[in-house]
Amino acid sequence: QVQLVESGGGLVQPGGSLRLSCTASGSRLTINGMGWYRQAPGKERELVAEITSGRTNYADSVKGRFTISRDNAKNLVYLQMNSLKPEDTGVYYCNVDEGSLWNRRDYWGQGTQVTVSS
């Protein structure tokens, strides 16, 4: 029903920046919220940032450095990542909460690798 396409990952030096993008496609989408998660090798997947129509939420480790934003008309979500640190390295996944109260579904992107290293 919903397809997520991510882009923007790559290799960057500490202190650098990356901008991740995710596009949701489908028919008659009702998107309640969008977000980004990440998973480092040997660690659990964790919430990085999420955004609804009225709120944003960030992991403590990225507050002040990352910014999540949406383009509702185009079903896009962005994650601007500044002042990147090696511990930000991991696979970043786009997440979409879609549907009404009686048919809500959770969708995931394929993941995009972010590597912060000198």
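In the block above lies the structure referred to throughout.
All of these numbers come straight from a predicted model, not from anything done at the bench.

Enquirer: For the packing of aromatic side chains, give the residues involved together with the corresponding values.
Expert: Under the defined criterion, the tally for this structure stands at 1 aromatic pair. Here Arg 19 stacks its cationic end above the ring of Tyr 78, 4.2 Å away from the centre of that ring. Note that Arg 45 overlies the ring of Tyr 93, its terminal NZ or CZ placed 3.8 Å from the centroid.

Enquirer: Provide a residue-level description of unusual backbone geometry, including the pertinent values.
Expert: Notably, Arg 28 is not glycine yet its phi reads approximately 50°, a positive angle. Position of Arg 28 among the secondary structure elements: in the loop between β3 (18–25) and β4 (31–39). With a phi close to 55°, Asn 75 is a non-glycine residue in the positive phi region. Within the secondary structure layout, Asn 75 lies in the loop between β7 (66–71) and β8 (76–81).

Enquirer: Kindly report on the pairing of β8, identifying the contributing residues and their values.
Expert: Of all 6 residues in β8, 5 are buried, a share of seventy percent or more. Here β3 pairs with β8 via 6 bridges, running antiparallel. Bridge pairing in β8 places Arg 19 opposite Gln 80. What sits between the antiparallel neighbours β7 and β8 is a turn of 4 residues, in which Asn 75 has the positive phi angle 55°.

Enquirer: Can you explain the sheet that holds β7? Please cite residues and give values.
Expert: The sheet built from 4 strands is open, its strands ordered β1-β3-β8-β7 with antiparallel pairing. The open sheet terminates on both sides in strands that have one partner only, identified here as β1 (3–7) and β7. When the angles between neighbouring strand axes are averaged without regard to direction, this sheet yields 15°. Bridge count for β7 against β8 is 6 bridges, and the pairing is antiparallel. For Thr 67, the partnering residue across the bridge sits in β8 and is Gln 80.

Parameters at a glance
Residues numbered from 1 in each chain as written. Predicted model: local features only at pLDDT ≥ 70, side-chain atom pairs only at ≥ 80, totals over all residues. Heavy atoms only, no water. Phe/Tyr/Trp six-rings, centres within 6.5 Å; stacked < 30°, edge-to-face > 60°. Lys NZ or Arg CZ within 6 Å of the ring centre and 35° of its normal. Helix = DSSP H or I, 4+ residues; strand = E, 2+ residues; numbered from the N terminus. Buried < 20%, exposed > 50% of the residue type's maximum accessible area, 1.4 Å probe, protein only. Pairing = 2+ DSSP bridges. Axes fitted to C-alpha atoms, helices over the stretch in contact; angles between N-to-C directions.

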